[in-house]
Amino acid sequence: MRSLGKSRKSVDLLTSKDKQKKAVGLKHVLDSIRKADRAIHSNLDRLLRESLFNGMFSAFDVFTGDLLRGIFQKKTTLFKSLNRTVDVSTILECTTLDELKRNLVEDEIESFRRESYADQFARLESLFGLKLRNFPRWRDFVERAQRRNLLTHCDGLVTDQYLAACRSVSATSDAKVGQRLDVSPSYLKETVELLMEVGLKLGQTLWRKILPGELKDSDKSLNETDLQSSPR
């Protein structure tokens, strides 16, 4: 209402026959345009950062899916560990055993992606008999994953679920319920580095555990990684 009243006042000044009043009205309009322009660009910056932030997690999801797909292709004995039932209709639709296995893997990946990252890592630990969450920045990873959920589903507004998830891994947060969380440039950069770190560690750990005969290949891949620019 306040801005509407100011706009009407500007219109009245612009339509006045008094040149001085017209000049004042024009100044008000130009000020409003400048403020609107700043607001638009500010929102664009924020939207771009949040889009990049969410995009990094989407890329991470693609990576974990490809990782699981590659592991099952290389180590077919792992199919025995899948606690999954198959409909008769699905079996009949598949023309070969390999096609049935591919369907099983894709179902596993789809189910995997629907879980939280904490549940995903717990599932991988159970499936492969490894400890995957015992690294220093696990709590940072959980907090950022939860913030991604806030931005995707709650317009960035803090929920009790976000705070509970942070507390569960002792991640510090001064946020209050209803507060809107942003993605600052430094926070975005740290998240990119963190996801690179988690992806590298996860891929190398599973590769070496599941396929010990490929240690030379995993060593070569690790050595070719640009550790100078990699996360700490």
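Scroll up a little and you will see the structure.
This report concerns the structure included in the present document. Here the structure is a predicted model, which is why all the values come from computation and not from measurement.

### Some details on the overall build of the protein chain
For step 1, the next point in the chain: What the protein chain contains, in helices and strands, is 9 helices and 0 strands.
For step 2, the next point in the chain: Listing every helix and strand of the protein chain by position from the N terminus yields α-α-α-α-α-α-α-α-α.
For step 3, the next point in the chain: Counting contacts in the protein chain only where the partners sit at least 6 residues apart, residues at least 24 apart contribute 59% of the total.
For step 4, the next point in the chain: Roughly 15000 Å² of accessible area belongs to the protein chain as shown, and the carbon and sulfur atoms make up 54% of that amount.

### Some details on the packing of aromatic side chains
Geometry of an aromatic ring pair is reported as the spacing of the ring centres plus the angle between the planes.
For step 1, the next point in the chain: A complete count under the given rule lists 11 aromatic pairs for this structure.
For step 2, the next point in the chain: Above the plane of the ring of Tyr-187 lies Arg-144, whose end atom (NZ or CZ) is 4.3 Å from the centre.
For step 3, the next point in the chain: Above the plane of the ring of Tyr-187 lies Arg-147, whose end atom (NZ or CZ) is 4.2 Å from the centre.

### Points about unusual backbone geometry
For step 1, the next point in the chain: With phi around 55°, Asp-155 is a residue other than glycine that occupies positive phi space.
For step 2, the next point in the chain: Along the chain, Asp-155 turns up in the loop between helix H6 (138-153) and helix H7 (160-168).
For step 3, the next point in the chain: A positive phi is found at Ser-170, a non-glycine position, where the angle reads about 60°.
For step 4, the next point in the chain: Inspection of the secondary structure assignment puts Ser-170 in the loop between H7 and helix H8 (185-210).

### Re the packing of helix H5 (residues 117-128) against H6
How two helices sit against one another is set out by the angle between their axes and by the gap between those axes.
For step 1, the next point in the chain: In contact at an axis separation of 9 Å, H5 and H6 are set at 130° when each is read in the N-to-C sense. Here H5 is positioned oblique relative to H6, judged by the angle of their axes. For the pair H5 and H6, the contacting residues are Tyr-117, Ala-118 and Phe-121 in the first and Trp-138, Phe-141, Ala-145 and Arg-148 in the second.
For step 2, the next point in the chain: Partitioning the contact of H5 with H6 into residue classes produces 6 nonpolar, no polar and 1 charged.

Cut-offs used in this document
Residues numbered from 1 in each chain as written. Predicted model: local features only at pLDDT ≥ 70, side-chain atom pairs only at ≥ 80, totals over all residues. Heavy atoms only, no water. Helix = DSSP H or I, 4+ residues; strand = E, 2+ residues; numbered from the N terminus. Contact = heavy atoms within 4.5 Å. Areas by Shrake-Rupley, 256 points an atom, 1.4 Å probe, with all protein chains shown as cover. Phe/Tyr/Trp six-rings, centres within 6.5 Å; stacked < 30°, edge-to-face > 60°. Lys NZ or Arg CZ within 6 Å of the ring centre and 35° of its normal. Axes fitted to C-alpha atoms, helices over the stretch in contact; angles between N-to-C directions. Parallel < 35°, antiparallel > 145°, perpendicular 65-115°, else oblique. Nonpolar A, V, L, I, M, F, W, Y, C, P; charged D, E, K, R; others polar.

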